[in-house]
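Topology and contacts: notes
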Amino acid sequence: MSKVEEFEDLRSLLFSIAYRILGSVSEAEDAVQEAWLRFDASPTSPTSPKAFLSTTVTRLSIDVLRSARVRREEYVGPWFPEPLLNDPYQDPARSVELADSVSMAALLLLERLSPLERSVFVLREVFAFGFDEVAQAVGRSEAACRQLLVRARRHMEAGRPRFRADRQERQELATRFLDALKDGDLTGLQQLLAGDVQLVGDSGGKAPQLAKAVTGAQNVARLLAAFFPWLLRIGVTAEPHDVNGEPGAIVRDQNGQVLHIMSFEVLDGRISTIRSVANPDKLAHLGPVADAWAVDREVREARRASR
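To continue, consider helix α11 (residues 217-233). Two residues of an α-helix separated by three or four positions point the same way, owing to the 3.6 residues in each turn. Relative to the 24 Å expected for 17 residues at 1.5 Å per residue, α11 spans 24 Å between its end C-alpha atoms, a close match to the ideal helical length. Within α11, the axis deviates most sharply at Ala225, by approximately 25°, and proline Pro229 lies no more than four positions further along. Just downstream of α11 lies Gly235, where phi reads positive at about 100°.

For any pair of aromatic rings, geometry is given as the distance between the ring centres together with the angle between the planes. Counted under the stated rule, the structure contains six aromatic pairs. When the centroid spacing of 6.1 Å and the interplanar angle of 15° are considered together, the rings of Phe15 and Tyr19 count as stacked. Taken together, the residues Phe15 and Tyr19, both in helix α1 (residues 3-22) and four residues apart, mark about one turn of the helix. Under the relative-accessibility criterion, Tyr19 is labelled buried at 0%. The lysine or arginine in question, Lys50, covers the ring of Phe129, its NZ or CZ lying 4.9 Å from the ring centre. Over the aromatic face of Phe80 sits the side chain of Arg275, whose NZ or CZ is 6.0 Å from the ring centroid.

Right, let's get into the environment of Asp242. With respect to the secondary-structure elements, Asp242 resides in the loop between β3 (237-240) and β4 (248-252). Given a relative accessible area of 18%, Asp242 falls into the buried group. Linking Asp242 and Arg140, residues 102 residues apart in sequence, is a C-alpha distance of 36 Å. Among all residues touching Asp242, those that are not within four sequence positions of it are Leu84, Leu85, Arg167, Gln171, Pro247 and Gly248. For Asp242, the side chain forms a polar contact with the side chain of Arg167, separated by 2.4 Å. In terms of polar contacts, Asp242 uses its side chain to reach the side chain of Gln171, at 2.7 Å.

As a further point, take the pairing of β4. The side chains of a regular strand alternate, first on one face of the sheet and then on the other. By the criterion of burial, β4 is predominantly enclosed, with four of the five residues buried. Where β3 lies against β4, four bridges are found, and the strand directions are antiparallel. Note that in β4 the partner of Ala238 across the bridge is Val251. Examined bridge by bridge, β4 and strand β5 (residues 258-267) share five bridges and lie antiparallel to one another. Bridge pairing in β5 places Ile250 opposite Ile261. Between β4 and β5, which follow one another and run antiparallel, lie five residues, and Gly256 among them has a positive phi close to 80°.

On to the sheet that holds strand β1 (residues 193-202). If you trace the six strands from one edge of the open sheet to the other, you get β2-β1-β6-β5-β4-β3, paired in mixed fashion. Strand pairing shows two members of the sheet lacking a second neighbour, β2 (214-215) and β3, which therefore form its edges. In the packing of helix α9 (residues 167-183) onto the sheet, contacts are made with β1, β3, β4, β5 and β6 (270-277), and the angle to β5 comes to roughly 130°.

Looking now at the environment of Glu133. Summarising the element assignment, Glu133 is placed in helix α7 (residues 131-138). Spatially, the C-alpha atoms of Glu133 and Ser54 are 9.1 Å apart, while their sequence positions differ by 79 residues. A polar atom in the side chain of Glu133 sits 2.7 Å from the backbone nitrogen of Gly130.

Okay, the environment of Ser95 next. For Ser95, the location among the structural elements is in helix α4 (residues 95-102). What makes Ser95 partly exposed here is its relative accessible area of 41%. There is a polar contact of 3.4 Å between the side chain of Ser95 and the backbone oxygen of Pro92.

In a pair of packed helices, the angle between the axes and the distance between the axes together describe the arrangement. For the pair α1 and helix α6 (residues 115-126), interaxial distance at closest approach is 9 Å and the crossing angle is 135°. Classed by the angle they form, the pair α1 and α6 counts as oblique. Crossing geometry of α1 relative to α6 is assigned as right-handed. Counting all contacts with α1, which are made through Ile17, Arg20, Ile21 and Leu22, the residues of α6 involved are Arg118, Ser119, Val122, Leu123 and Val126. Looking at the contact of α1 with α6 residue by residue, the class counts come to six nonpolar, one polar and two charged.

What follows deals with the packing of α11 against helix α12 (residues 292-306). Here α11 crosses α12 at 100°, and the two axes come no closer than 10 Å. The angle between α11 and α12 places the two elements in the roughly perpendicular class. Between α11, through Ala226, Phe227, Trp230 and Leu231, and α12, the contact on the second element is made entirely by Val295, Val299, Ala302, Arg303 and Ser306.

Conventions we followed
- Residue positions are given per chain, counting from 1 as you read along its sequence in written order.
- It should be noted that, the model being predicted, local features are given only for residues of pLDDT at least 70 and side-chain atom pairs only at 80 or more, the latter also being counted only at that level, while totals for whole chains, interfaces and linings use all residues.
- Hydrogens are left out, water is left out, and the side-chain values use all remaining heavy atoms of the structure.
- Helix numbers and strand numbers start at the N terminus; a helix is a DSSP run of H or I with at least 4 residues, a strand a run of E with at least 2.
- Here the expected span of a helix is defined as 1.5 Å times the quantity of residues minus one.
- Think of it this way: the bend at a residue is just the angle between two axes, each fitted to seven residues, one set ending at that residue and the other starting at it.
- Each Phe, Tyr or Trp ring, with Trp reduced to its six-membered ring, pairs with another whose centre is within 6.5 Å; inter-plane angles below 30 degrees give stacked pairs, above 60 give edge-to-face pairs, and intermediate values give tilted ones.
- Each residue is assigned to one of three classes by its accessible area relative to the maximum for its type, calculated with a 1.4 Å probe on protein chains only: buried under 20%, partly exposed between the two thresholds, exposed over 50%.
- Comment: the charge-over-ring label is applied if NZ (Lys) or CZ (Arg) is within 6 Å of the ring centre and within 35 degrees of the ring normal.
- Residue contacts are defined here by distance: any two heavy atoms, one from each residue, within 4.5 Å place the two residues in contact.
- Counting of polar contacts relies on pairs of N or O atoms within 3.5 Å, with two restrictions inside protein: one atom must be capable of donating a hydrogen and the other of accepting it, and residues adjacent in sequence are counted only when both atoms are side-chain atoms.
- For two strands to pair, DSSP has to find at least two bridges joining them.
- To obtain an axis, a line is fitted to C-alpha atoms, over the contacting stretch when the element is a helix, and the angle between two such axes runs from 0 to 180 degrees between their N-to-C directions.
- Geometric relationships in this document are graded by angle, where less than 35 degrees denotes roughly parallel, more than 145 denotes roughly antiparallel, 65 to 115 denotes roughly perpendicular, and other angles denote oblique.
- Note on convention: near helix rotated counterclockwise from far helix by under a right angle means a left-handed crossing. Clockwise means right-handed.
- For this classification, the nonpolar set comprises Ala, Val, Leu, Ile, Met, Phe, Trp, Tyr, Cys and Pro, the charged set comprises Asp, Glu, Lys and Arg, and every other residue, Gly included, is treated as polar.

This is how it looks when you write it as structure tokens:
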């Protein structure tokens, strides 16, 4: 195969590695593009294009992640990964690991790890790279990588929920939740939420958003039932869609532009966490982004006019 064909054959794998390390679609795409430029500029063809490209994209991602840590510490409000609607890399033999590792909850757990721990965990646990391949990719000995993996596993296992609903149950619950949301059904919403449910938003200070997390089924249901029907009245829509492998929705304005993304974490037959990403910088890869401030003003005007 030509270099272009070899690269394209590996592109989806490279992106999926970079995204899990970085939690950013745009940064992952940049890392993959830079890996291609280095691959194309190499005067000789590597013995293993996969090893060369995965090592390159991993090291680029580690460098980006180290610099991103400072920015994330200064971030306004809660920080969530950029939402991913479709994971381009598919491997039936690793389907469970791939789905679990791309969820918002898993990516937020990965944020607790050092860049090296995160990279070793992703390469070994998610993509089943051999320790020799992992060591080459991160520039450490195999023994060091085994130790990094032990620490990473310990952190990940400590934060993971013990019981998760199966995919069909999660989808059915999300459908019922969105129906109740559109109807402003306070009782229906409350019945679908865990008692200690959290509603948390990431706007980065660049879109209207909750000042802090809202906790408790009654509080979350009241807020959603009071506000969401007004969005529908001015033409906003909520389109069901998987978000990072979990049930969610794409919320669009009257012109079909992306207003924000919602994802639902389901535990024990109830929605335990609702995450909303409204930061326009994190939505740009999904298409035209709505003016969230204008939508907020229109909702406020509609509510005043109805009094």
